[in-house]
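An overview of the molecular structure
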Amino acid sequence: MQRSILDARRHLPHVRNGMEIPRGTAWWRQIGWRHVVGIGVLGFMLFPVLYVVSASFNPLGSIAGGSLIPRSFTLEFYRTMVNGSKYPFMRWYGNTLLVALVVAACEVMFSTMAAYSFSRLRFRGRRGGLLSVLLVQMFPQFLSAVALFTMMSQLGRVLPGFGLNTLTGYALILMGGTMGNVWLMKGFFDSIPHEIDEAAEIDGAGHVTIFVKVLLPLVTPILAVNFLLTFIHVIGEYMLAAIFLTDDKVKTLAVGLYGIIEGDQSGNLGLFCAGSILLCIPVVLLFLYLQKYITSGMTAGAVKS
Amino acid sequence: MTSRRFTYADGPSAEPMLTLGRTTSIPALLTKIIFLGLVLGLAVAIVPALISMRSWTMLAILVITVIAVFTIYTTRHCVPAKYLFPGTFFLVLFLLVPVIYTIQISTTNFGDGTRASKSETVSSIVSASVVRDDSLPTYTMSIGVSRHGDTTDDYVLLLVNSTTGRTYLGTTDRLSLMPTAQVTVKKGRIVAAKGYRILTAEQVNNAGDAITGMSVPVNAGKGVAIHTSGISSAYTGTENLVYDSSADTITDRSTGDVYSPRMVNGRYLFVDPQGRAVSQRSWLSSVGLANYTSLFTDSSIRGQLLTTSLWTLFFAVFSVAGTFLAGLLIALLFDEPRMIGRKVYRSLMVVPYAVPTFIGFLIWSTFFNKDFGLVNQLTGLHLDWFGNASLAKIAVRTANLWAGIPYMFLISTGALQSLPADVVEAARVDGARPIRLFFQIKMPLLLVSVAPLLVSSFAFNFNNYNAIALMTQGGPFSSDGSLFGGTDILISGIYRLAFGGSGARFGLAAAVSVLLFFITALMAIIQFRYTRKLEEIL
Amino acid sequence: MRRLKLTMCSMVAVVSLAVAGCGGESSQSVSSTTTDSGASSSSGSVTRANADLVIWADQKRADALESVAKNFGKKNGITVAVQAVATNLDTNFITADAAGNGPDIVVQGDDKVSSFVQNGSIKPVQLSESQKDKFVANYLKTVTYQNQTWAVPYAAEGLVLIRNTKLAPNAPETFDDLISTGESLVESGKADKPLALQVGDTGDAFHMQPLFSSFGGYLFGEKSDGSVDTSDIGLDKAGAIAFAKEISKLGEKGSKVLTRSIDSNNSISLFTQGRIPYLISGSWALSDIKKAGISYELTTIPGFSGKEPARPFLSVQAFYVAAHGKNTSLAEEFVDNVVSESQTQKTLYDAEPRPPALKSLLKTESAKNKDTAVLAESAATAIPRPKINGLVWSDPLGKAEAAIIGGADPVSTMQSAAKTVAKSLK
């Protein structure tokens, strides 16, 4: 007996992006439950953020007081931020993005280079060097502001574009942390089998070629993660910025926002919350963009194990 | 992994035309040239300024750096250095130098009141003792500079007595009458004077200290002099204190008290025989290891030291383990390619990390408010979260978990993607079931990459001042005056010691930082040996 | 090969010369474009193109100062830069000044005098007698330390009682009246809590001060010359003990008027929700209260019946002259003369309505604005904060108060607080 096409369709596999998606209870067992748990997890993680959002629309800007939906709704804080009537927010925003992008890019570059040498090259003091890099970063950087301030004010006298109150000077200081994720990168380099290197060597590649053309593409996920982490860290940095960037033209958004609430005892955090939300947006966008690198995974190596 | 020196493959058959080191392609060559040119140019531009400022240390550093850059990048040797140099350069400059500075400070009494050298302190104490006496003449003032003396700026005060209207010339030596014929007075101020050029506000400013520090002696024996006040007036005042450098004493002219330096509580103060200090200002002096020993002998620390250390350890371990497990599980949750909306889920997971920590912890602290907080409202309990030490600890741990999960999630997501797909595939083909796949194949590979991060996260949380300070400020505090509160970790408690008291004591805080660093470093080294063993097993 | 290597080296040299050339020029021309105080060479022969006066303040004050600064600049032909420092203004100022790169003027509260003096960061201001007479005497006194005046005040206030007139139409005569009215409102369901007085888990000695003083509590005794007598600590004396017993009765184990769950984060917002009749706070609360549409009235804080009047702490905002600023003459000119001008203080007042420090201006503004009058009335009898690092006394006292409100034994807690203070003063 001939079955109808509709019947036939039901038995065809449901395919998307070349992957077969199960249906019915199989879907629930393999995929559906993930959505449920995922939403629950996101709820927990985003719940406090909802308060930040709520305060940014609340003219009284209060985060305490329990109710999530504000009694009255206002766009005044966002408006103040965008039209710059009170403070040059957009300029601060621009400064922040600029510094964050530059520092993150340098950080990824330098730490990857260093990780490559720690992982692939053998030299005296390799183990010790690696450990020292990590240990230096463990030091409570409490008094660093005082030391760096003196250093940068001296630097500013010799190189005027790089001293206090300059974004370049501030970016330089942040580059002190460029070795921050060396361990992270090294770990990933280590997980790539040496056979790949050897194969490239046999083909006549020098160390630069191996680094750039062979290994880098294999570690793109962690490069992207590294970039994102540094980006987030720089966007939120305000302690060093508070003493280095005092002129309105060069402030970053974080420092500007903290400045607004610091002298203000009224407890109205509306503007600060609006600014924080605006700061989150590039992070989310960046992550969305970088995800395609993170999930590219590793192409099956040219090596047969 | 074999241990061998990296050997270079021989290049292609054709002899390279242009080389600088091993670089052979033109764009790379150009980049190198520009880079080296920039470095050299920058250095050359700075050198004259450094010489004029006599900063020999900075000059030396600059020269060494330039030599290093050139050696590393123009020869074919030092291959590892080529990769290590940029990151290390910044690390040393901006991370290591402050560390050295901190260690240096820990042997001094640097802090409030002890920031300057002895001579600066003495001169500032003395100059701040000028008392204005309105019974003595006040003047309107113009600043003049001698027209003929252009090499050294000889400033004079051109004064008009506010009451008598007489005009005077004041120099650093003496006050003398200025004949009215030689000056032009308009609206009570001298606007022109023969032989002198009157300075504008801007020029007065540029002269800086030369003018503000200037005083015209009227009665040197009694310390009476005319001092400037702003840019347009002057007053007569008495400098009450006088410093005798040979006897090293400060004497108060009006009372006759003599103050000499004595060590009081770790700092030098000028005190009189009864012990009263003329000023709380002191100067920087070295105290050797006194800061460190005081930490061990201070009774307010000793009582709670053990419990606080245990809590700090527990807090760090719990935070790392908790955030890692949660982050990993969530990463695995979304590690299903067939799930739609993964991108959105993952991007949203990062949002808590982008929110400033200050506001994140603030909101969590309002959640745990006894009467108005969300936790009590949702659960119906009426727990005094911050009033009870154990409950407060739970609150702090929960908030810190929330703050740290996104980071671990990001790392785990990246790590899972970077697992060698062929190994995983091979195991799957071999028939391994998902759970076994996870534990025996994925997890070990994951741990190898991620282990160092766990170690540094542990170190970070061991000294996580922020989390404690923003949530509870270390409370709840018992009423027996002990230093450590219920949720204080070592760093938050001991820093309080450095910043309480009659002024901040950075020297003590520095010593605390160094000590805590040693403790965490030791633990980190131990953990590393352990992970290295792990590495070798795999 | 060798020729090519030579070409390489010469190319490097050319590039570096170009950069050096540009670099050299820029290091001299940039000094006129950077507006911070960091671009001068030590020899003093390079003159600054713009003689800058740099003022540091927190964001709110910086906004108010903009026009004043511009006018001063125009009058004297210089540029004035008002910079808002985001956090830790006081410690950052001390660090920057010590490094020779700080501002010329800093705007801070009176509580920073002793710290600034101790670090040698400020210069005394030399006001003439006639200038001093223009100010409310009390305010000048708070910035006087070791026989010198260290700042010129421009605004002063003390804590006041803010009352929701819809819930409580009549001003309370005594603090006990306040409590009973508040409690009856709670009982009838019209209010959630009788009083919003921020305590928090670590206490708030500043906000507790009115109650503390009403019982005769004092922090430190005063010596004959007016300075603080650190050997006479009032925390374990009769007044403080009586106070401790009272707040224990009002605390969480008692009538629950005072509670640690009200802190600096939620006290004002609880009041603006309209469910609490009384709030003890300052001028900073008024803008949100007005925004929320609460009908309110300010009165000074009443004392407890049969006890002394309540006296809050006096909090004065002032201009300080930096000791190591680059433009001390202009700074002195600004602080001594401009700040004490009525026009200046009026501009600052219009931007942020806190009672001005000039006597005549205060009178006119108090007549125009009732809130200002009450804030000034409170300031008139307020107690100056002791010129001792705040952490020495406000921290232990605050924690003791929080503990007592939480149910700890009042007498022993206060006594150990006194001991802690004594110890840190040694």
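Residues numbered from 1 in each chain as written. Chains lettered and ligands numbered in written order. Predicted model: local features only at pLDDT ≥ 70, side-chain atom pairs only at ≥ 80, totals over all residues. Heavy atoms only, no water.

Some points on the overall build of chain C
Heads up, the rule is: Numbering goes from the N terminus for both helices and strands, where a helix is a DSSP run of H or I of at least four residues and a strand is a run of E of at least two. Relative accessibility thresholds used throughout: buried, under 20% of the residue-type maximum; exposed, over 50%; partly exposed, between the two (1.4 Å probe, protein chains only). Here a residue-residue contact requires only that any non-hydrogen atoms of the pair lie within 4.5 Å. The Shrake-Rupley method, run with a 1.4 Å probe sphere, supplies the accessible areas, and residue values consider only the shown protein chains as cover.
Of regular secondary structure, chain C possesses 17 helices and 15 strands. Considering chain C as a whole, with its 426 residues, one finds that 59% of them fall into the buried category. Look at the contacts in chain C between residues 6 or more apart in sequence, and 74% of them connect residues 24 or more apart. Here chain C displays about 15,900 Å² of accessible surface, and carbon together with sulfur accounts for 52% of that area.

Quick look at the domain arrangement of chain C
How big an interface is tends to be stated in terms of the accessible area lost upon association of its parts. Residues and elements named next belong to chain C. As a reminder of what qualifies: The split into domains, and so the bounds of each, comes from an automatic or database assignment of domains. Throughout, buried area stands for the accessible area (probe radius 1.4 Å) lost by two parts on being put together, summed over both. Here a salt bridge means any side-chain nitrogen of Lys or Arg lying within 4 Å of a carboxyl oxygen belonging to Asp or Glu. In protein, a polar contact requires one atom able to donate a hydrogen and another able to accept it; more generally it is a pair of N or O atoms within 3.5 Å, and residues adjacent in sequence count only if both atoms are side-chain atoms. Three residue categories are used. Nonpolar comprises Ala, Val, Leu, Ile, Met, Phe, Trp, Tyr, Cys and Pro, charged comprises Asp, Glu, Lys and Arg, and polar comprises the others, including Gly.
On domain assignment, one finds that chain C holds domain 1 (11-154 + 317-354) and domain 2 (160-313 + 385-425). Each partner contributes to the interface: domain 1 provides 9 residues, whereas domain 2 provides 6 residues. Note on domain 1 versus domain 2: buried area summed over both sides is about 580 Å², and carbon and sulfur give 43% of it. For the pair domain 1 and domain 2, the interface holds 2 salt bridges. The partner of aspartate 111 in a salt bridge is arginine 385, and the shortest N-O contact between them spans 3.5 Å. Here domain 1 and domain 2 share 3 residue pairs in polar contact (both at pLDDT 80 or more) between them. Sorting the residues of the side of domain 1 that touches domain 2 by element identifies helix H4 (113-118) and strand S5 (144-145) as the ones contributing at least two each. Looking at the side of domain 1 that touches domain 2, its residues break down into 3 nonpolar, 3 polar and 3 charged.

Notes on the sheet that holds strand S15 (residues 267-271) of chain B
Residues and elements named next belong to chain B. Selection rule: Strands are treated as partners if at least two bridges between them are detected by DSSP. Angular values range over 0 to 180 degrees, each being the angle between N-to-C directions of two axes fitted as lines to C-alpha atoms, with helices fitted over their stretch in contact.
Spatially, S12-S13-S14-S15 is the arrangement adopted by the 4 strands of the open sheet, whose pairing is antiparallel. The open sheet has two free edges, formed respectively by strand S12 (241-244) and S15, since each of these has just one partner strand. Direction aside, neighbouring strands of the sheet carry axes that sit 30° apart on average.

Quick notes on the UniProt feature "transmembrane region" (unreviewed entry) in chain A
Residue and element names in this part refer to chain A. To keep things clear, this is the line we draw: UniProt positions are given in the numbering used here, feature names are shortened, and annotations may be inferred rather than shown by experiment.
Under the UniProt annotation, "transmembrane region" (unreviewed entry) lies at residues 36-57, 97-118, 130-149, 169-189, 210-235 and 269-290. Annotated as 100% helix and 0% strand, the span residues 97-118 places its first and last C-alpha atoms 31 Å apart. Across residues 210-235, the secondary structure splits into 85% helix and 0% strand, with the terminal C-alpha atoms separated by 33 Å.

As for the interface of chain A and chain B
Facing the 102 residues of chain A at the interface are 103 residues of chain B. Here chain A packs against chain B, burying approximately 10,000 Å² in sum over the two surfaces, 78% of which is carbon and sulfur. At the junction of chain A and chain B, the tally comes to 0 salt bridges. Here the side of chain A that touches chain B gets 18 residues from one element, more than from any other, and that element is helix H2 (residues 25-57) of chain A. A class-by-class count of the residues in the side of chain A that touches chain B yields 73 nonpolar, 20 polar and 9 charged.

Some words on the nonpolar core
To be explicit about the condition: Nonpolar cores were defined as sets of buried Ala, Val, Leu, Ile, Met, Phe, Trp, Tyr and Cys residues, with membership established by side-chain atoms within 4.5 Å.
Among the nonpolar cores identified, the biggest contains 276 residues, and Phe244(A), Phe319(C) and Phe334(C) are the most heavily contacted of them. Of all the elements, helix H13 (residues 389-417) of chain B adds the most residues to this core, at 15 residues. Residues in contact with Phe334(C), not counting those within four places in the same chain, are Leu53(C), Ile55(C), Val68(C), Phe72(C), Ile105(C), Phe319(C) and Val339(C). Of all hydrophobic cores here, the second largest spans 64 residues; its members include Leu178(C), Ala196(C), Phe215(C) and Ala417(C).

A look at the confidence of the model for chain A
Residues and elements named next belong to chain A. Going by this rule: Confidence scores labelled pLDDT are given residue by residue by the predictor and lie between 0 and 100.
Here chain A averages 82 in pLDDT, and 92% of its residues register 70 or above. Considering each helix and strand of chain A separately, the mean pLDDT is smallest for helix H1 (residues 5-11), with a value of 65, and largest for helix H4 (residues 89-120), with 91. Low pLDDT, under 50, characterises residues 297-305; the predicted model gives this stretch 10 contacts beyond four residues in sequence or across chains.

Overview of a nonpolar patch on the surface
As a reminder of what qualifies: Residues enter a patch when their relative accessible area is above 30% and they make no salt bridge; the linking distance is 9 Å between like charges and 5 Å between nonpolar side chains (Val, Leu, Ile, Met, Phe, Trp, Tyr).
Together, Trp28(A), Trp33(A), Val36(A) and Val37(A) line one region of the surface with nonpolar side chains, adding up to about 400 Å² of accessible area. You can see Trp28(A) is positioned in helix H2.

Some thoughts on the environment of Ile21(A)
Here Ile21(A) shows up in strand S2 (residues 19-21). If we ignore the near neighbours within four places in the chain, the residues touching Ile21(A) are His14(A), Arg16(A), Trp27(A), Ile31(A) and Arg338(B).

Topic: the interface of chain B and chain C
Each partner contributes to the interface: chain B provides 74 residues, whereas chain C provides 70 residues. For chain B, the biggest contributors to the area lost against chain C are Arg115(B), Asn205(B) and Phe372(B); these three give 11% of the whole. Inspection of the chain B/chain C interface yields 3 salt bridges. We note a salt bridge from Asp384(B) to Arg260(C), for which the minimum N-O separation is 2.7 Å. Of all the elements, helix H1 (residues 26-53) of chain B adds the most residues to the side of chain B that touches chain C, at 13 residues. Among the residues forming the side of chain B that touches chain C, the class breakdown is 30 nonpolar, 30 polar and 14 charged.

Let's talk about the pairing of S12(B)
Bridge count between S12(B) and strand S13 (residues 249-252) of chain B: 4 bridges; the pairing is antiparallel. By the bridge assignment for S13(B), Tyr243(B) is matched with Ile250(B).

Points about the sheet that holds strand S13 (residues 296-299) of chain C
All names here are of chain C. A sheet is described by the order of its strands in space; here 4 strands give the open sequence S9-S12-S8-S13, paired in mixed fashion. The two strands at the open ends of the sheet, each matched to only one other strand, are strand S9 (195-196) and S13. In this structure, strand S8 (residues 160-164) lies alongside S13, joined through 4 bridges in antiparallel fashion. Each bridged residue has a counterpart across the sheet, and for leucine 161 the counterpart in S13 is threonine 299. Packed on one face of the sheet, helix H15 (residues 370-380) meets S8 and S13 and runs near 30° to S13.

Brief notes about the pattern of salt bridges
Tallied over the full model, the rule gives 34 salt bridges over all chains. The partner of Asp488(B) in a salt bridge is Arg496(B), with the nearest N and O atoms 2.8 Å apart. Taking relative accessible area as the criterion, Asp488(B) reaches 0% and is therefore assigned buried. Through salt bridges that share partners, Asp58(C), Arg61(C), Glu157(C), Glu352(C) and Arg354(C) make up one connected network.

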